[in-house]
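So the chains spell out like this:
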Amino acid sequence: MWEGKMGGKNSSENSRISAPPGDLPSGEFSCAASLQAMATAGISGISGISGILGSLLQLEENFSSCLARIDALVLKPLLQAEPQDPKEKENFQLLVLLNDRFQSLWNFTEENSRILRGKSQLENSGCIQDFSILWKGEVFLSLYIQYFVTFANFVVVQGFEQAARSKSDAWKLHKAVLKEFLRDFTSESSLGLALHLVLHKPFQEHIQGYLQLLSQLHEQLQEGSERDVVATVLQEFGKLESFISQVLDEAVFTKELWKSLGYKFTDVLCVPERRLLEDSRNLPIASGAARSERLLLFDDVLVLIQGNSFQSFDLKLVWVDENCGEKSAPGLHSLRITTPEETFVLSTKDPQMKAVWRWKLEQAVRQALNGKRDFPLWGRSGEGSEAPSRRFFTYVFRMEGRLRGATYEGEWLWGKPHGKGTLKWRDGRNHVGDFQEGLEHGFGICLVPQRSEDRYDCYKCHWYQGKMRGYGICEYGNDLVYRGYFKDNVRQGFGILENFSAEHPFRYTGHWENDKKNGYGVWDDKERGERYIGMWSDDLRHGEGIVVTQSGLCYQRTFHAGKMVGSGILLLEDDSVYEGNFTEELTFVGKGKLSLANGFVLQGTFSSRGGRGLSTHGVLSTAPEPRRQLDQLGLKEFPVEKRWTGIFEQFLEFLHSGCKEETEESYTGFHIQTSKELRKSQEYLCCQRGSEEIFWKIEEILEDLVEHTGPEALQGYLEKALESSLHPLGKLLRALTAAFQATFAGIGANRHLLAMAQDEVKFYSRKIWEFYLGLLRVALERKGRAPAEDADPSLGKGPSLVLPLILPGFYPELSMLYMLQHQREDELYCQGIVELSLFPDIQLLEFLDVQKHLWPLKDLTLTSNQRRSLIKDKCFLSATECLQKLITTVDPREKLEILRRTYEELELTVSRLLDADYRLPMDDLLPLLMFVVSRAKIQHLGAEIHLIRDLMDPTNQGGMLDFLLTALESCYQHIQRIRLHPKENSHSS
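About the criteria used
Residues numbered from 1 in each chain as written. Predicted model: local features only at pLDDT ≥ 70, side-chain atom pairs only at ≥ 80, totals over all residues. Heavy atoms only, no water. Helix = DSSP H or I, 4+ residues; strand = E, 2+ residues; numbered from the N terminus. Buried < 20%, exposed > 50% of the residue type's maximum accessible area, 1.4 Å probe, protein only. Contact = heavy atoms within 4.5 Å. Areas by Shrake-Rupley, 256 points an atom, 1.4 Å probe, with all protein chains shown as cover. Salt bridge = Lys/Arg side-chain N within 4 Å of Asp/Glu carboxyl O. Expected span 1.5 Å × (residues − 1). Pairing = 2+ DSSP bridges. Axes fitted to C-alpha atoms, helices over the stretch in contact; angles between N-to-C directions. Parallel < 35°, antiparallel > 145°, perpendicular 65-115°, else oblique. Nonpolar A, V, L, I, M, F, W, Y, C, P; charged D, E, K, R; others polar. Phe/Tyr/Trp six-rings, centres within 6.5 Å; stacked < 30°, edge-to-face > 60°. Lys NZ or Arg CZ within 6 Å of the ring centre and 35° of its normal. Core = buried A, V, L, I, M, F, W, Y, C linked by side-chain atoms within 4.5 Å. pLDDT = per-residue confidence, 0-100. Polar contact = N/O pair within 3.5 Å; in protein donor to acceptor, adjacent residues only side chain to side chain.

1. Considerations on the overall build of the protein
Summing up its helical and strand segments, the protein has 28 helices and 27 strands in all. Burial analysis of the protein (989 residues in total) assigns 51% to the buried set. Considering only intrachain contacts with a sequence separation of at least 6, the fraction spanning at least 24 residues in the protein is 55%. Summed over its atoms, the accessible surface of the protein is roughly 47,500 Å², and 49% of this surface lies on carbon and sulfur atoms.

What follows is the structure in structure tokens.
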């Protein structure tokens, strides 16, 4: 409301006194004199709140008259002529701004006079609500502060001295009148000083009038809320009086400095808003090693002058430490000053001088960080807190070094980037993330531009003391993406490199050393349609390796520097096996041995006939020869414990580090959904991770571990942890799943790799359990407890507990390998099932030699046109439906449980038929089970049986479940051999 009436110099809502110089009364030239008389004579004789209100009105009206004279005699003449000199033009703009502040204050005074005049004319005037100065105190203070800050800026640039030298004719005409206006003005006085006095002295005395009236009002009121309000306003106006005095002192102090310095300094350092707070010539202090001759503390910068040169330091990035860490010379008391690129020491000979300098530096830094000066500027008794050590600021590095020219915006601590921040280089590199003691440290995203337009390498990873270290994701500008571990800015440890370009798509999953493929790894060449599984050195295949092709061929060979050497093993699609030397085009060459699928063996020397077939000189043996086990590759060459050491090493280091929260992602990786999410983080330079409903924190993880050590609670905890992509156990499982799929999915679905895959899954369960025990040990140590020696015996079965929980992640690839391995047996089994399905139930029971007293004839309900001998799929229906559930789960334990329930359903059915408990002997069980198997028609039953056998809990071996699995296997083998003659396929009913 008030701002609209204070904005301009010609407000139509305010009828202000603006008398021309010639109309001024001859007896009242001194504005200051009239105010002083009012303050002493008028106020001292008043009594009661109504009298104080009237005195306040008189005070405001006199002040408004005074402002009118100042406006007419001083400001208008000064503003009539704009100088031509650029420097003087800058000062003239300050004068214009000062006039705006003056007019706003004058408008407000007029408005306040009008309100007071209206209140005083009311019959019930004289209550505290009539004093607008109480309820609009903030507006009063704001206007005076703005005016005096602008006034001080004009003083600093010697604006009054320049204005006094104005050659304007209008100004020359007013000099004579001005001499009478200022009572203390004489011909010997400086005109600049006179202007200085006339534009601040009346305002100060007006504030003193306010203070006297407020004191009178405070004395008139009784204890209560109204008196408290007056006391608060009185205190604020007291601060304003101190503030004005300090502002004027600082302005004069700063002006004198600029007068004493040469243009080389003032042209750069002198700005209207800058204030000198301390000068080493007034309060001696020296910088170490003769660094400077003079030290100047301003309200925004610290300046060191040496000869004709100087250095300036932004106070927002200056840290003051009285414990300088260096031994001071005898008799000296030192302060250490820290800035982003330099650290130096200031010394005084007197501890009190050191204390004063330290206090002034701290307060100047704190106020610079706050973006405003204190009110009053230095407090009444030197109070004030120290500047914070942690700050947020933007700085451009100038000195030599890796950061030269770079801009850092973010958090600082003692002169170095520390915390969250963004670092940008001139060449386009950007780093957004965590910093520690000036170096990239923690999680961060770094963009490195490529020469081609709009192409960047984006590193989203963890850093350690300025270098990439730990888990990260890098999306290169050439369509390559790397997910894995780094060390000292190069790929090191386990990692996946994938090329998404349409021309040469590939993926490498394996180990790295010094930015090159080294150790065990899997190379998937999508263009050639083949996969290499084996050893690497210096980015080349080196050592034992297995190659699987899209056509189904598979061979094992030794490589040296990327070339095949020596003899190898080539497994053909028809189960033939070649042992010897062969070319990259898989052409037999040199000595070799070809073992055909029919048992024949051709041994000799092979050579190519130039596209006309294969030439052989050797011996063909048609005699049956015992076949060696060559269909499973890689077991001897790649021991399972040496395949993926890079994954386990990182998780073990995390355990050895004590499972610290800040290093967890660096060791175990962070979760990210897709490459699209990575691109988004590159565009917006954000550090977001993937999200889950449950956010696992390492402290909570360790706490839950201790609380869930019982068998049932442990299984639930492990299941929940392994399903989470943020829990370390879940992260480990996902890393292992990625390695497993890279080896055995897609092209790698080759039956000759089944043994390798089976070994890996079992090994994974052991390593995950070991990692769980390591986490438990750390959790107990944090609580000051040691793992119990007499631990729960069930904990020894940990791998068996883990295996069913992790199996779903590997089941698609693993079950496919089992199906491929047992494809021929399953085909024979399916043929047998088809033939047995032709039998009605009664005939099938008879064919399988099931004893007639076990036939469930009671279950055969007939319609009027049905014959019992033709009914199908009705006998032992509950057992059949139970067995069909075998393929609904991946857990070997649950599969065995389904088999046990099937057996129980058979016994229940037989017991119901016989009206007595009946235990099926082996001779009765096998025919009945074969009937149920033939009716269940489970596909790939051979693959299911072997998977259960290979992955079942060892404790079940030799028990009832093992017996039932053996019985199921016998049925499976018997059904493979069933071949009915055509005449047996049609029996009369």
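There's more to say after this.
2. Side note on the pattern of salt bridges
Evaluation of the coordinates by the stated rule reveals 43 salt bridges. Two residues, Lys-783 and Glu-703, come together in a salt bridge whose shortest N-O distance is 3.3 Å. In this pair, Lys-783 is assigned in the loop between α20 (754-782) and α21 (798-821) and Glu-703 in helix α17 (residues 698-707), connecting sequence segments 80 residues apart. Between Arg-949 and Glu-969 there is a salt bridge, with the nearest N and O atoms lying 3.4 Å from each other.

3. Looking at helix α22 (residues 823-836)
Helix length check: α22 (14 residues) gives 20 Å between terminal C-alpha atoms against 20 Å at 1.5 Å per residue, within 8%. Buried residues of α22: Asp-826, Tyr-829, Gly-832, Ile-833, Glu-835 and Leu-836, and no others.

4. Quick word on unusual backbone geometry
A negative phi angle is the norm for most residues apart from glycine, just as the trans form is the norm for most peptide bonds. In this structure, Asn-489 takes a positive phi of about 75° despite not being glycine. In this structure, Asn-489 sits in the loop between β16 (480-487) and β17 (490-499). A relative accessible area of 38% means that Asn-489 is categorised as partly exposed.

5. Notes on the sheet that holds strand β2 (residues 286-287)
If you trace the four strands from one edge of the open sheet to the other, you get β2-β8-β7-β6, paired in antiparallel fashion. Single-partner strands in this sheet number two, and they are β2 and β6 (319-321). The sheet contact formed by β6 and strand β7 (residues 333-338) spans three bridges and is antiparallel. Note that in β7 the partner of Val-320 across the bridge is Ile-337. In the packing of helix α13 (residues 351-370) onto the sheet, contacts are made with β6, β7 and β8 (343-348), and the angle to β7 comes to roughly 20°.

6. Let's talk about the environment of Leu-297
Inspection of the secondary structure assignment puts Leu-297 in strand β3 (residues 294-298). The exposure class assigned to Leu-297 is buried, which follows from its relative accessible area of 0%. If near-sequence neighbours (up to four positions away) are discounted, Leu-297 is found in contact with Arg-275, Leu-276, Leu-277, Glu-278, Leu-302, Leu-315, Trp-357, Lys-360, Leu-361 and Ala-364.

7. So, the sheet that holds strand β4 (residues 301-306)
Two pairing modes exist for strands in a sheet, parallel and antiparallel, and in both the strands are linked by backbone hydrogen bonds. Spatially, the four strands line up as an open sheet ordered β1-β3-β4-β5, and their pairing is antiparallel. Only two strands of the sheet have a single neighbouring strand rather than two, namely β1 (276-279) and β5 (309-314). Adjacent strand axes in the sheet meet at a mean angle of 20° when their direction is disregarded. In this structure, β4 lies alongside β5, joined through six bridges in antiparallel fashion. Looking at β5, one finds that Val-301 is bridged to Asp-314. Relative to the sheet, α13 contacts β1, β3 and β4, its axis offset from that of β3 by approximately 40°.

8. What about the pairing of strand β14 (residues 456-464)?
In terms of residue burial, β14 counts as a mostly covered element, since seven of its nine residues are buried. Across eight bridges, the pairing between strand β13 (residues 439-449) and β14 is antiparallel. Each bridged residue has a counterpart across the sheet, and for Gly-444 the counterpart in β14 is Cys-461. Summarising the sheet, β14 and strand β15 (residues 467-475) pair through six bridges and their orientation is antiparallel.

9. What to know about the packing of α17 against α20
At a closest axis distance of 9 Å, the pairing of α17 and α20 adopts a crossing angle of 95°. In terms of orientation, α17 and α20 fall into the roughly perpendicular class. Two secondary-structure elements touch here, α17 through Glu-699, Leu-702, Leu-705 and Val-706 and α20 through Tyr-772, Leu-775, Leu-776, Val-778, Ala-779, Leu-780 and Arg-782. Of the residues contributing to the contact of α17 with α20, the split by class is nine nonpolar, no polar and two charged.

10. Points about the packing of helix α25 (residues 892-914) against helix α28 (residues 960-977)
Relative orientation of the contacting elements α25 and α28 amounts to 80°, with a least axis distance of 10 Å. With respect to each other, α25 and α28 are oriented roughly perpendicular. Contacts from Leu-896, Leu-899, Arg-900 and Tyr-903 in α25 reach Met-960, Leu-961, Leu-964, Leu-965 and Leu-968 in α28. In terms of residue class, the contact of α25 with α28 is built from eight nonpolar, no polar and one charged.

11. Let's talk about the packing of aromatic side chains
To describe a pair of aromatic rings, one takes the distance between the centres and the angle between the planes. Inspection of every chain in the model, using the stated rule, returns 52 aromatic pairs. Where Tyr-520 meets Phe-638, the ring centres are 5.5 Å apart and the plane angle is 55°; that geometry is what we call tilted. Of this pair, Tyr-520 sits in strand β19 (residues 516-525) while Phe-638 sits in the loop between β27 (614-621) and α14 (645-656), placing them 118 residues apart in sequence. Across this residue pair, the class does not change: Tyr-520 and Phe-638 are buried. Between Phe-839 and Phe-847 the ring centres are 5.0 Å apart and the planes differ by 20°, which places this aromatic pair in the stacked class. Phe-839 sits in the buried class, given a relative accessible area of 5%. Grouping aromatic residues by their ring pairs yields a cluster made of Phe-63, Phe-102, Trp-106, Tyr-147, Phe-148, Phe-151, Phe-154, Phe-160 and Phe-203. Sitting over the face of the ring of Tyr-482, Arg-491 holds its NZ or CZ atom 5.6 Å from the ring centroid. Taking the ring centre of Tyr-508 as reference, the NZ or CZ of Lys-517 above it sits at 5.6 Å.

12. Here we look at the nonpolar core
By size, the foremost hydrophobic cluster in this structure holds 78 residues, and its most contacted members are Leu-199 and Phe-237. Considering every element that reaches this core, the biggest residue donor is helix α3 (residues 48-79), with 15 residues. Sequence-distant contacts of Leu-199, defined by excluding residues within four places in its chain, comprise Ile-70, Val-74, Leu-75, Leu-98, Tyr-147, Phe-151 and Phe-160. Membership of the second largest hydrophobic core comes to 75 residues, among which are Ile-533, Leu-633, Ala-721 and Leu-729.

13. Details of the confidence of the model for the protein
When the pLDDT values of the protein are averaged, the result is 82; 84% of them are 70 or greater. In the model, residues 1-30 has pLDDT below 50 throughout and makes 51 contacts with residues more than four positions away in sequence or in other chains. Considering only residues more than four positions removed or in separate chains, one finds that residues 672-694, a stretch of pLDDT under 50, has 40 contacts.

14. Some thoughts on the side chain of Arg-541
Counting through the fold element by element, Arg-541 comes out in strand β21 (residues 540-549). Sequence-distant contacts of Arg-541, that is, excluding residues within four places in its chain, are made with Trp-523, Glu-530, Tyr-532, Met-535, Trp-536, Val-547, Phe-559, His-560, Ala-561 and Gly-562.

15. Points about the pairing of β3
In terms of burial, β3 is a largely internal element, five of the five residues being buried. Burial of β3 is two-sided: the residues Arg-294, Leu-296 and Phe-298 facing one way and the residues Leu-295 and Leu-297 facing the other way are all buried. As judged from the three bridges shared by β1 and β3, these two strands associate in the antiparallel manner. Bridge pairing in β3 links Glu-278 to Leu-297.

16. Considering the side chain of Arg-935
Residue placement: Arg-935 occurs in helix α26 (residues 922-936). Side-chain polar atoms of Arg-935 contact the side chain of Asp-841, separated by 2.9 Å.

17. Things to note about the environment of Gly-592
Relative to the helices and strands, Gly-592 resides in strand β25 (residues 588-595). Its relative accessible area of 10% is what places Gly-592 among the buried residues. Note: C-alpha distance between Gly-592 and Thr-605 (13 residues apart in sequence) is 6.1 Å. Beyond its immediate chain neighbours, meaning those up to four positions away, Gly-592 contacts Tyr-578, Glu-579, Gly-580, Leu-602, Gln-603, Gly-604 and Phe-606.

18. Observations regarding the environment of Cys-270
Within the fold, Cys-270 resides in the loop between α12 (263-269) and β1. In the structure, Cys-270 is positioned 12 residues away from Trp-258 in sequence and 7.1 Å away in space, judged by C-alpha atoms. Those residues in contact with Cys-270, other than ones at most four positions away along the chain, are Trp-258 and Phe-265.

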